[in-house]
Amino acid sequence: MPASLCVVSDFAPTAAPVRHSVHEVDCRIKTHEWVNGQYRLLTLSAPRSVLDCQPGQFFHLLCPQTDRFQPYLRRPMSIYSCDRENGDLAFLYKVAGEGTGALAGLETGDVLNIVGPLGQGFEIRPEWRRPLLIARGVGLATLAPLAQECARLKRPLTAICSARSPDLLMSTDLFRSFGAEVVTVTDTEGNSDVESLTPLIEGLIRSRGIDAFFTCGSARLMRMLQEIGVRQGIGGQVALEQHMACGIGMCQACVRPFRHEDGAVNLRVCREGPVFDLQEVL
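Given the structure is predicted, the values throughout are model-derived calculations rather than measurements.

Criteria and cut-off values
Residues numbered from 1 in each chain as written. Predicted model: local features only at pLDDT ≥ 70, side-chain atom pairs only at ≥ 80, totals over all residues. Heavy atoms only, no water. Helix = DSSP H or I, 4+ residues; strand = E, 2+ residues; numbered from the N terminus. Rg over C-alpha atoms; globule rule 2.2 N^0.38 Å. Buried < 20%, exposed > 50% of the residue type's maximum accessible area, 1.4 Å probe, protein only. Contact = heavy atoms within 4.5 Å. Areas by Shrake-Rupley, 256 points an atom, 1.4 Å probe, with all protein chains shown as cover. Lys, Arg positive; Asp, Glu negative; His and termini not counted. Charge placed at Lys NZ, Arg CZ, Asp CG, Glu CD. Salt bridge = Lys/Arg side-chain N within 4 Å of Asp/Glu carboxyl O. Pairing = 2+ DSSP bridges. Axes fitted to C-alpha atoms, helices over the stretch in contact; angles between N-to-C directions. Core = buried A, V, L, I, M, F, W, Y, C linked by side-chain atoms within 4.5 Å. Phe/Tyr/Trp six-rings, centres within 6.5 Å; stacked < 30°, edge-to-face > 60°. Lys NZ or Arg CZ within 6 Å of the ring centre and 35° of its normal. Polar contact = N/O pair within 3.5 Å; in protein donor to acceptor, adjacent residues only side chain to side chain. Expected span 1.5 Å × (residues − 1).

Enquirer: Could you clarify how one ought to interpret the overall build of the chain in this entry?
Expert: Within the chain, the secondary structure is distributed over five helices and 16 strands. In terms of overall size, the chain behaves like a compact globule, its C-alpha atoms giving a radius of gyration of 18 Å where 282 residues would be expected to give roughly 19 Å. The principal-axis extent of the C-alpha atoms belonging to the chain is close to 50 × 45 × 35 Å. In the chain, buried positions account for 52% of the 282 residues. Long-range contacts, defined here as pairs at least 24 residues apart, represent 64% of the contacts in the chain between residues at least 6 apart. Carbon and sulfur atoms make up 50% of the accessible area of the chain, which totals about 12,900 Å². Taking the 28 positively charged and 31 negatively charged side chains of the chain as two groups, their mean positions are separated by 2 Å.

Enquirer: How do you make sense of the environment of Val95 when you look at a structure like this?
Expert: The topology assignment puts Val95 in the loop between strand E7 (88-94) and helix H1 (98-104). Overall, the relative accessible area of 30% leaves Val95 in the partly exposed class. The spatial distance from the C-alpha of Val95 to the C-alpha of Gly273 is 24 Å, given a sequence separation of 178 residues.

Enquirer: Explain the pattern of salt bridges to me, please; I cannot follow it from the model alone.
Expert: Side chains that differ in charge, positive against negative, can pair when their charged atoms come close. Evaluated as defined, the whole model comprises eleven salt bridges. Close ionic contact of Arg74 with Glu24 constitutes a salt bridge, the shortest N to O distance being 3.4 Å. Here Arg74 is found in the loop between strand E4 (58-61) and strand E5 (75-78), whereas its partner Glu24 is found in strand E2 (residues 19-34), with 50 residues between them in sequence. What makes Arg74 buried here is its relative accessible area of 18%.

Enquirer: In this structure, what is going on with the sheet that holds strand E12 (residues 212-216)? I would like to understand it.
Expert: By definition, the strands of a sheet pair up through backbone hydrogen bonds, in either a parallel or an antiparallel sense. In space, the six strands of this open sheet follow the order E11-E10-E9-E12-E13-E16, with mixed pairing throughout. In this open sheet, the two edge strands, each paired with only one partner strand, are strand E11 (181-186) and strand E16 (275-277). Each strand of the sheet is rotated relative to its neighbour by a mean of 20°, with strand direction disregarded. Inspection of the sheet shows strand E9 (residues 131-136) paired to strand E10 (residues 158-163) by five bridges, in the parallel sense. In the strand pairing of E10, Ala135 is matched with Cys161. Strand contacts of helix H2 (residues 139-152): E9, E10, E12 and strand E13 (235-239), with the helix running at about 160° to E9, the strand carrying the most contacts.

Enquirer: I'm lost on the nonpolar core in this one. Help?
Expert: One broad rule of soluble globular proteins: the nonpolar side chains tend to lie buried together. Ranked by internal contacts, the top residues of the largest apolar core, which has 32 residues, are Ile134, Ile160, Ile201, Phe213, Met224 and Leu240. Listed by contribution, the elements that provide at least two residues to this core are strand E8 (111-118), E9, E11, helix H4 (194-208) and helix H5 (219-232). Broken down by element, the residue count for this core peaks at five residues, all from H5. Those residues within four positions of Ile134 in sequence are excluded, and the remaining contacts are Leu143, Ile160, Leu197, Ile201, Phe214, Thr215, Cys216, Leu221, Met224 and Leu225. One finds Tyr80, Ile124, Ala135 and Ala180 within the second-largest nonpolar core, a separate group that totals 27 residues.

Enquirer: Help me out: how do you make sense of the packing of aromatic side chains in this one?
Expert: Each aromatic ring pair is specified by the distance between its two centres and by the angle formed by the two planes. A full pass over the atoms with the stated rule returns four aromatic pairs. Residues Phe122 and Phe214 carry aromatic rings whose centres are separated by 5.7 Å and whose planes lie at 80° to one another, so their mutual orientation is edge-to-face. A residue pair is termed long-range when its members are at least 10 positions apart, and Phe122 in the loop between E8 and E9 and Phe214 in strand E12 qualify at 92 residues. This pair shows no difference in class: Phe122 is buried, exactly as Phe214 is. One aromatic cluster is present, formed by Phe122, Trp128 and Phe214 through successive ring pairs. Taking the ring centre of Phe258 as reference, the NZ or CZ of Arg256 above it sits at 5.8 Å.

Enquirer: Help me out: how do you make sense of the side chain of Glu272 in this one?
Expert: When you line up the elements, Glu272 lands in the loop between strand E15 (263-268) and E16. Among the polar contacts made by the side chain of Glu272, one reaches the side chain of Arg268 at a distance of 2.7 Å.

Enquirer: Just checking my understanding: could you explain H4 for this structure?
Expert: Two residues of an α-helix separated by three or four positions point the same way, owing to the 3.6 residues in each turn. Along its 15 residues, H4 runs 20 Å from first to last C-alpha, staying within 8% of the 21 Å computed at 1.5 Å per residue. Here H4 has its buried residues at Leu197, Thr198, Ile201, Glu202, Gly203, Leu204 and Ile205. Residues of H4 that are buried sit in contact with E9, E10, E11, E12 and H5. Among the residues of H4, the N-terminal cap falls to Asp193, whose side-chain oxygen and the backbone nitrogen of Glu195 are separated by 3.2 Å. Gly209 sits one or two residues past H4 and shows a positive phi near 75°.

Below you can see the structure in the form of structure tokens.
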């Protein structure tokens, strides 16, 4: 399995530069299955060089060119699971456009070129003893490795899984396998809106002692957690979804503003993120 290695410097105005290795490898597809009518689970046989991953990091996937789909750029995809012992690397994704449409046509035994692991992952700080994660749709994929890490650290976890309808709920069994208390909400049941979620979360803070928030993807959920966090004095982190071109910080395509002590600062989601402090995101 061929592999190439490049060392990329991180530069952030709020942190000292660090260095980490990024690998480009060809991986054989082990399984590629439909989870429901919209999402597919892709599992690769990957070399150990790319399996030293952190929850919240991502890979840049080279989607194939087909008669129907001609994606020009790689597609960033968060890590759904990483099994070093068995050499498995998995991605959960929604089939929605050119890149994922082309990706969906790959079959077991095909080869997929990936670059990674990329970005800065989640940090479960020592003072965060009772975390809550909340996401919907493919955002739950990003939080799956975080749930596994909470289990490893023996941090009791509550997971709120949101979807349009019950048949589109994902990762609930996986979160339960990590010992998480799982709460499901859906649009069709009328309990996934901010007006319903806010008292639900504030009730969990009182009854479970929630002291940290983690989320991904949904701007609506992120804003809600920011407001609750300010009122309750609770911190947390968010993994952002952003259009990217290079994925390694060179093209500046994923730059967006963040809140810092001296005012707003522009940061690259692919390099300084994709995980940021919850209250820093504007």
